Amino acid sequence: MPTTKELLDGIKSGDKRLLGKAITLIESKKSEHREQAEELLKEILPFTGKSIRIGITGVPGAGKSTFIENFGKVALEKGKRVAVLAIDPSSTINKGSILGDKTRMEDLSKEVNAFIRPSPSSGFLGGVANTTFETMLLCEAAGYDYILIETVGVGQSETLVADITDVFLFLKIIGGGDELQGIKRGIMEMVDLIFINKVEAENRSKAKNTRLELIRALQFLTPKEKGWKIPVLMGSALNNEGLHEVYSAINEFIEVKIKSGRFLKVRQEQAEKRFQYWVQEYILKASTQNKDLETLFEEHKKNASGLKSNPSSEAKNFVQKLLGPSI
Ligand SMILES: Nc1nc2c(ncn2[C@@H]2O[C@H](COP(=O)(O)OP(=O)(O)O)[C@@H](O)[C@H]2O)c(=O)[nH]1
Ligand SMILES: [Mg+2]
């Protein structure tokens, strides 16, 4: 592993190879790597925070990767630099799907001003989201203006991505049953922008109906950001239609957030959540750092799994022994 200084200089000078190595360091579970990762994160912090962090969700096959490929090109045309990250829960199971995505972003992955990094293929979702958050900071320090995070439209990963991004885009396709499924799934509370994708000549009028249905349904919801009416845009990622409108809408939304002071406030709230995540992580780690504690931890865990004792009281008893009776 290169030294922290080599990684820092490499990241700041736009060296993709060293950025890749730094991300691998962040994703590593080894404690010596974690120490160096913490050191590097401290060094890069002054160079972070300047990008726009965009989360993109939608059911598998909705066209997220195709959208990212062509939306990325729109941003490149405007002289911006684009980084693409992914959180794909299925990758922890079949370790395969991300490869499909890389092939979908073939052009973008060849661009000098674009960087694509698939989701780590191991670890629980919470952890994946955390490494993605830190990977985002590295990409920001490397000077990428837009960080696009693709996730799959399944509950937990959507919430996690909404929790680390500035704007959350829902890619919807028409047909295939109930148009308002997204609303039922409660995703609308998290969404800032909707793009109806795969709208081509043969389904344009149906798409217009879907758009009106969504606009009507959105009237009953309080948007996340005051003064922002969630736009329902439509087009075709494959045919590069409607992507410029999405680009403008995203920038307009960020302006609204900056003017209202919410941009910074939300980032502060998100950093708090990351802090809480790490407190849990370090307490858990401390719980098994020596033989005695580990035995105690296992004992209480066994009581809980023995179903004869309530898990929360076992946890409380254990943490009281770890941190003292003040709990
Ligand atoms: N007709 C049409 N097909 C599209 C469009 N966007 C994506 N696709 C196709 O839909 C399939 C899934 O696309 P992909 O980007 O992998 O979806 P993801 O699973 O959401 O990332 C691929 O065959 C794409 O070529 C579109 O706008 N129109
Ligand atoms: Mg994809």
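Above this text sits the structure in question.
Since the model is a prediction, treat every value here as computed from it, not as a measurement.

Trainee: Hey, could you go over the overall build of the protein for me, with residue numbers and the actual values?
Mentor: Helices and strands together make up the secondary structure of the protein, namely 15 helices and seven strands. Counting all 327 residues of the protein, 49% fall into the buried class. When the accessible surface of the protein is summed, it comes to about 16,400 Å², and 57% of that surface belongs to carbon and sulfur atoms.

Trainee: Can you tell me about helix α12 (residues 243–260), naming the residues and giving the values?
Mentor: Helix length check: α12 (18 residues) gives 26 Å between terminal C-alpha atoms against 26 Å at 1.5 Å per residue, within 8%. At the C-terminal side of α12, G261 shows a positive phi close to 80 degrees.

Trainee: Could you give an account of the pattern of salt bridges, with specific residues and numbers?
Mentor: Evaluation of the coordinates by the stated rule reveals 15 salt bridges. Close ionic contact of E140 with R53 constitutes a salt bridge, the shortest N to O distance being 2.7 Å. In this pair, E140 sits in helix α8 (residues 125–141) while R53 sits in strand β1 (residues 52–57), placing the two residues 87 residues apart along the sequence. Assigned by exposure class, E140 and R53 land together as buried.

Trainee: Give a detailed account of the packing of aromatic side chains, specifying residues and quantitative values.
Mentor: Aromatic rings in a pair are described by how distant their centres are and how their planes are angled relative to each other. In this structure the tally under the stated criterion is nine aromatic pairs. One aromatic cluster is present, formed by F67, F71, Y146, F195 and Y247 through successive ring pairs. Above the face of the Y144 ring, R81 is positioned so that its terminal group lies 4.3 Å from the ring centre. The ring of Y277 is capped by R274, whose NZ or CZ atom sits 5.7 Å from the centre of that ring.

Trainee: Let's hear about the pairing of strand β5 (residues 167–173): which residues, and what values?
Mentor: One face of the sheet, then the other: side chains in a regular strand alternate in exactly this way. Counting buried positions along β5 yields six of seven residues, so the element is predominantly enclosed. Across five bridges, the pairing between β5 and strand β6 (residues 193–197) is parallel. Among the inter-strand pairings, L171 is bridged to a residue of β6, identified as F195.

Trainee: Describe the nonpolar core, naming the residues involved and giving the relevant values.
Mentor: Ranked by internal contacts, the top residues of the largest apolar core, which has 78 residues, are L19, L40, I54, F67, L138, I194 and I250. Among the elements that take part in this core, α12 stands out by supplying seven residues, more than any other. Taken domain by domain, the makeup of this core includes at least three residues from each of domain 1 (1–47) and domain 2 (49–260). Ignoring anything within four residues of it in the chain, the contact list for L138 reads I11, L19, A22, I23, I26, L40 and I44.

Trainee: Let's hear about helix α14 (residues 291–305): which residues, and what values?
Mentor: For α14, which comprises 15 residues, the first-to-last C-alpha distance of 21 Å matches the rise-based estimate of 21 Å (1.5 Å per residue) to within 8%. Residues of α14 that are buried: L293, F297, H300 and A304. The buried residues of α14 occupy one face: seen down the axis, they fall within an arc of 70 degrees. Seen from the open side of α14, the exposed residues pointing more than 90 degrees away from its buried face are K291, D292, K302 and S305. Against the buried residues of α14 lie α13 (262–287) and α15 (311–323). The backbone nitrogen of D292 lies 3.1 Å from a side-chain oxygen of the residue at the head of α14, namely N290. L307 sits one or two residues past α14 and shows a positive phi near 60 degrees.

Trainee: Would you mind going over the pairing of β1 in detail, with residue names and values included?
Mentor: The element β1 is extensively covered by neighbouring structure, given that six of its six residues are classed as buried. Residues I52, I54 and I56 of β1 are buried on one face, and the alternating residues R53, G55 and T57, pointing to the opposite face, are buried as well. Bridging between β1 and strand β4 (residues 146–151) involves five bridges; their strand directions are parallel. Residue G55 lies in a different strand from β4, and its bridge partner there is I149. By the bridge criterion, four bridges tie β1 to β5 in an arrangement that is parallel. Looking at the pairing, I56 lines up with L169 of β5.

Trainee: Lay out the side chain of E134 with the relevant residues and their values.
Mentor: Position of E134 relative to the elements: it lies in helix α8. Leave out the neighbours within four places in its chain, and E134 touches I26, R34, L41 and W278.

Trainee: Break down the side chain of E69 for me, citing the residues and quoting the values.
Mentor: When you line up the elements, E69 lands in helix α4 (residues 64–77). By relative accessible area, which is 7% here, E69 ends up buried.

Basis of the calculations
Residues numbered from 1 in each chain as written. Chains lettered and ligands numbered in written order. Predicted model: local features only at pLDDT ≥ 70, side-chain atom pairs only at ≥ 80, totals over all residues. Heavy atoms only, no water. Helix = DSSP H or I, 4+ residues; strand = E, 2+ residues; numbered from the N terminus. Buried < 20%, exposed > 50% of the residue type's maximum accessible area, 1.4 Å probe, protein only. Areas by Shrake-Rupley, 256 points an atom, 1.4 Å probe, with all protein chains shown as cover. Expected span 1.5 Å × (residues − 1). Salt bridge = Lys/Arg side-chain N within 4 Å of Asp/Glu carboxyl O. Phe/Tyr/Trp six-rings, centres within 6.5 Å; stacked < 30°, edge-to-face > 60°. Lys NZ or Arg CZ within 6 Å of the ring centre and 35° of its normal. Pairing = 2+ DSSP bridges. Core = buried A, V, L, I, M, F, W, Y, C linked by side-chain atoms within 4.5 Å. Domains from an automatic or database assignment. Contact = heavy atoms within 4.5 Å. Arc of directions from axis to C-beta. Polar contact = N/O pair within 3.5 Å; in protein donor to acceptor, adjacent residues only side chain to side chain.

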